[in-house]
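Now for the letters of each chain:
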Amino acid sequence: MLRLTVLSLLLACAVSLSSSAVILEDGMPILWNQTNGQLTDLPTRNGVITPNPWHYLQRMTLYRLMIAATDPFMGCMGTNATDGPMWGLTLQLGWLRTSGRLADPTGATTCGLKTGDTMCISTQSWWGCGNYFVSALPFLSAAKQGFMGAGAQVQMQVPKGVTDYCTTHADCTTRYPDAMSKWDAFFQGLKSSNESTLPENEKKDSLLGLYWAAQMASNYAAATCNSRQSHLSSEEEGDVAPKIADLSEEENHSLYVFSWIHTINDLLAGSMVRIWKSAMCSVETREKGREMMEQLVQQPDFAKETFIFIITGIGSRC
């Protein structure tokens, strides 16, 4: 549970690392200007929209279309155009590409290699497989909930012979009912938020809760990708944050912070997670919690002891 949570927190903190990782061009996700801005730009067959999520630009296009379609409902997230939670996923996908994690790890093809098809996303990549669950699945849900136009039908392309990826809303719902129901709930929640009379901070809290539930459900569903971990290289000697040579200072710090949380939680027999959950008991404490996590990741001088003291204090007020 904690490992998945840490992975999701690292994803959520991708924005904070954008200054060091090569994932931005002119302030936008890498190669953003080469993606399609219209649904009609995607391939179609017999009236069905057939995106190819194994092509980097088309997978990024899924995010661009979802962001554009949901932006009118995201006013409560903040005043910046990139305050919506899906922007973090675009940065993660860009990082996966620039770090070589989307390439064929088996060496059987040149998919994703600098010397091969640089836009290719390998179906054998554990990273690419996991990202499929937070790109293709939410897009299928968004289309089903009407965000891509009334009656839009979508079926994801899949390479010949590959059968372990769902390709339609119905197919994904059959295979991963919890993930799809939670993405459906998120997009339905977006629609209803426009009619809600709740204060903006409460709308934001509600939508982030729905989004987090959907993302975590996708993470759990992505366990089907685990067989691909056998293609990953073993842990390198000396690769211990915050002193991993080929990571930036910011990346080292973020990894170190979450490794520390993982270690403390183990030492306390899971108490860290329980304290955090009990502390996040209201809209106000969750706001403070988000601010504190940002400080913990972005400010190396933010003491870890302060983190424990604050969440313990917050929890005592619930």
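Residues numbered from 1 in each chain as written. Predicted model: local features only at pLDDT ≥ 70, side-chain atom pairs only at ≥ 80, totals over all residues. Heavy atoms only, no water.

Student: Explain the side chain of Asn 131 to me, please; I cannot follow it from the model alone.
Tutor: Its location among the elements puts Asn 131 in helix H4 (residues 126-132). The class for Asn 131 is buried, based on a relative accessible area of 1%. With near-sequence residues (within four places) excluded, Asn 131 lies in contact with Arg 59, Tyr 63, Gln 92, Leu 93 and Leu 96. (Helix = DSSP H or I, 4+ residues; strand = E, 2+ residues; numbered from the N terminus. Buried < 20%, exposed > 50% of the residue type's maximum accessible area, 1.4 Å probe, protein only. Contact = heavy atoms within 4.5 Å.)

Student: How should I be thinking about a negative patch on the surface in this particular structure?
Tutor: The grouping of Glu 235, Glu 236, Glu 237 and Asp 246 at the surface amounts to a negative patch. When you line up the elements, Asp 246 lands in the loop between helix H8 (200-221) and helix H9 (249-267). (Patch = residues over 30% accessible without salt bridge, like charges linked within 9 Å, V, L, I, M, F, W, Y side chains within 5 Å. Areas by Shrake-Rupley, 256 points an atom, 1.4 Å probe, with all protein chains shown as cover. Salt bridge = Lys/Arg side-chain N within 4 Å of Asp/Glu carboxyl O. Lys, Arg positive; Asp, Glu negative; His and termini not counted. Charge placed at Lys NZ, Arg CZ, Asp CG, Glu CD.)

Student: When you look at the state of the cysteines in this model, what are you seeing that I'm missing?
Tutor: Cysteine pairs can be linked by a disulfide, which is a covalent bond between their two sulfur atoms. One pass over the structure, following the stated rule, counts three disulfides. Note that Cys 111 is cross-linked by a disulfide to Cys 120, the S-S spacing being 1.9 Å. Handedness of the Cys 111-Cys 120 disulfide follows from its S-S torsion of about -90 degrees: it is left-handed. By relative accessible area, Cys 111 is classed as buried at 9%. Each sulfur in the disulfide pair Cys 129 and Cys 225 lies 2.0 Å from the other. Taking the sign of the S-S torsion, -75 degrees for the link of Cys 129 and Cys 225, the bridge is left-handed. Of this pair, Cys 129 sits in helix H4 while Cys 225 sits in the loop between H8 and H9, and the two are 96 residues apart along the sequence. (Disulfide = S-S within 2.5 Å.)

Student: Would you mind going over the side chain of Ser 125 with me for this structure?
Tutor: With respect to the helices, strands and loops of the structure, Ser 125 is situated in the loop between helix H3 (86-98) and H4. A polar contact of 2.6 Å, which involves the side chain of Ser 125, links it to the backbone oxygen of Arg 101. Engagement of the side chain of Ser 125 in a polar contact is seen with the backbone nitrogen of Gly 128, the distance being 2.9 Å. Beyond its immediate stretch of four places on either side in the chain, Ser 125 contacts Arg 101, Leu 102, Ala 103, Pro 105 and Arg 228. (Polar contact = N/O pair within 3.5 Å; in protein donor to acceptor, adjacent residues only side chain to side chain.)

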